[in-house]
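These are the residues of each chain, in order.
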Amino acid sequence: MNAQLRNIILSGIYLSTAFIFFQCGKNTESEGGKFPISSDSFVPNPQVVSEKPIAKLAIGDQAPPFNLPDVEGKFHSLDDYADFEVLVVNFTCNHCPTAQAYEDRYMALVREYEGKSVALIAISTNSPIAVLPEELGYTDLGDYYEEMKIRAVDKGYNFPYLYDGDTHEFSLAYGPTATPHVFVFDKKRKLTYSGRIDASEKPGTGNSEDLRAAIEATLKGEALPAEKAQTPAFGCSMKWAWKNEYTLKTNKDWAAKEVTIEKLSPEGLADLLKNDTDELLLVNFWATWCGPCIIEYPEFVTIQRMYGERDFQFVSVSMDTPDQADKALKFLKGKESALPNYIMDTNDKYEVIKVVGSDWDGSLPITLLIEPGGKVAYRVPGTIDALKLKKAIVDHPMIGRYY
């Protein structure tokens, strides 16, 4: 998947909850994966649903059936894995830092058991519309189906990654409690283990000990001791589709926040760009008359909501003339820009350009990611690639994807 296609996929993720993806190709392998590409199309439709009972499988219970699409649109059912002695189902997601911390270990386990009659799959259960931007502080991606495609390619997933985020039709029968939560089934598809992958969340400190022990015991037909057969699954809570009251409240509270704009002198801008703080500073220069600026601006508000509770702050700087402050403020209110907003208090644009530096040719927009002390870590002249910018932020040593 090239950068242009990824941009197309991402362009409407935070503006809509329904997406369409057309599949192409047949009988080939996905990049980084080993599951076939289907010529059929799958149209995700995440919905708010009424609260439903959540099962809690006990050791010895039968694996509930499922029929779910992978990231290429091909449907997988429980029966598709009938020939394997062991089936591992990992309930996970894109955005959770704990889920991300275990990705490489799970992929390593897939490689370890290749050819040994063990099938390992993953299911994203989360309803993407139940996930707030404020819950995405450790990721560049949410849990929409289209974003699952991107994560699968970026990490080179070597296992089927299935989507059950529309209504949780099948996941409710398994009852995962957190991401990740693994379930191991024997040849007769009786549950032999459920819980954690291992007890060490931080990458490099664990090696899938609990899950590997469960797989080995199941292959031998041996039962695990009761205290080891079911363990707690530590991680992010499940984002069930009916858990949207808090989402609605948080969005309403954000929309109700006061939006202001202050005039900023060139000297004040120079001080701002020194970033005499302990946070990463993202600065976007824009204007109401700049078409690309106003089109991309909502992305910055989302980015602030994503990373604002971490060592991060977004600041907007309008290059409208000082007498257009009311016009700029009206735009900012319409975009719910409840964050530090400035308008340059000078008509001399070249004085502003001089402060920003010779790397700026004066065209708008321009965006700078500035480390404490004033070093520019990431510069975007022109329109941002939202995904690349989010990756630059979350992969910066001051932020990171894990606890």
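Attention in this report is confined to the structure presented alongside it. From a predicted model like this one, the values you see are computed outputs, not experimental measurements. (Residues numbered from 1 in each chain as written. Predicted model: local features only at pLDDT ≥ 70, side-chain atom pairs only at ≥ 80, totals over all residues. Heavy atoms only, no water.)

## Describing helix α8 (residues 291-307)
At step 1: Helix length check: α8, at 17 residues, gives a terminal C-alpha distance of 26 Å against a target of 24 Å (1.5 Å per residue), a fit within 8%.
At step 2: Within α8, the axis deviates most sharply at Tyr-297, by approximately 35°, and proline Pro-298 lies no more than four positions further along.
At step 3: In terms of burial, α8 is largely enclosed, as 12 of its 17 residues are buried. (Helix = DSSP H or I, 4+ residues; strand = E, 2+ residues; numbered from the N terminus. Expected span 1.5 Å × (residues − 1). Bend = angle between axes of the 7 residues up to and from the residue. Buried < 20%, exposed > 50% of the residue type's maximum accessible area, 1.4 Å probe, protein only.)

## Notes on the sheet that holds strand β8 (residues 191-195)
In a beta sheet, neighbouring strands pair by backbone hydrogen bonds and run either parallel or antiparallel.
At step 1: Read from one edge of the open sheet, 5 strands run β5-β4-β3-β7-β8, paired in mixed fashion. One side of each edge strand has no neighbouring strand; the edge strands of this open sheet are β5 (161-163) and β8. Taken pair by pair, the neighbouring strands of this sheet meet at an average axis angle of 20°, ignoring direction.
At step 2: Bridge count between strand β3 (residues 86-92) and strand β7 (residues 181-185): 5 bridges; the pairing is antiparallel. (Pairing = 2+ DSSP bridges. Axes fitted to C-alpha atoms, helices over the stretch in contact; angles between N-to-C directions.)

## A short note on unusual backbone geometry
At step 1: The step from Thr-179 to Pro-180 runs through a cis peptide bond, and the omega angle for that step is 0°.
At step 2: On the secondary structure map, Pro-180 appears in the loop between β6 (178-179) and β7.
At step 3: With an omega of -5°, the peptide bond running from Leu-364 to Pro-365 counts as cis.
At step 4: Considering the arrangement of structural elements, one finds Pro-365 in the loop between α10 (349-356) and β14 (366-370).
At step 5: With phi around 65°, Arg-189 is a residue other than glycine that occupies positive phi space.
At step 6: Structurally, Arg-189 is set in the loop between β7 and β8.
At step 7: Phi at Asn-275 is positive, roughly 50°, even though this residue is not glycine.
At step 8: Secondary-structure assignment places Asn-275 in the loop between α7 (266-274) and β11 (280-286).

## A closer look at empty space enclosed by the protein
At step 1: Going through the model one piece at a time under the given rule, you end up with 2 cavities of 30 Å³ or more.
At step 2: Quantified by volume, the largest cavity comes out at close to 70 Å³.
At step 3: Residue lining of the largest cavity: Asn-90, Thr-92, Ala-99, Tyr-102, Glu-103, Tyr-106, Ala-122, Tyr-157, Phe-159 and Pro-180, and that is the complete set.
At step 4: Of all elements in the fold, only β3 and α2 (97-112) reach the threshold of two or more residues within the lining of the largest cavity.
At step 5: Of the residues forming the lining of the largest cavity, the biggest block, 4 residues, is contributed by α2.
At step 6: The class makeup of the residues in the lining of the largest cavity is 7 nonpolar, 2 polar and 1 charged. (1 Å grid on protein atoms, 1.4 Å probe; cavity = no way out; pocket = protein on both sides within 12 Å on 5 of 7 lines; lining within 4 Å. Points joined across faces, edges and corners; volume = space filled by probe spheres on them. Nonpolar A, V, L, I, M, F, W, Y, C, P; charged D, E, K, R; others polar.)

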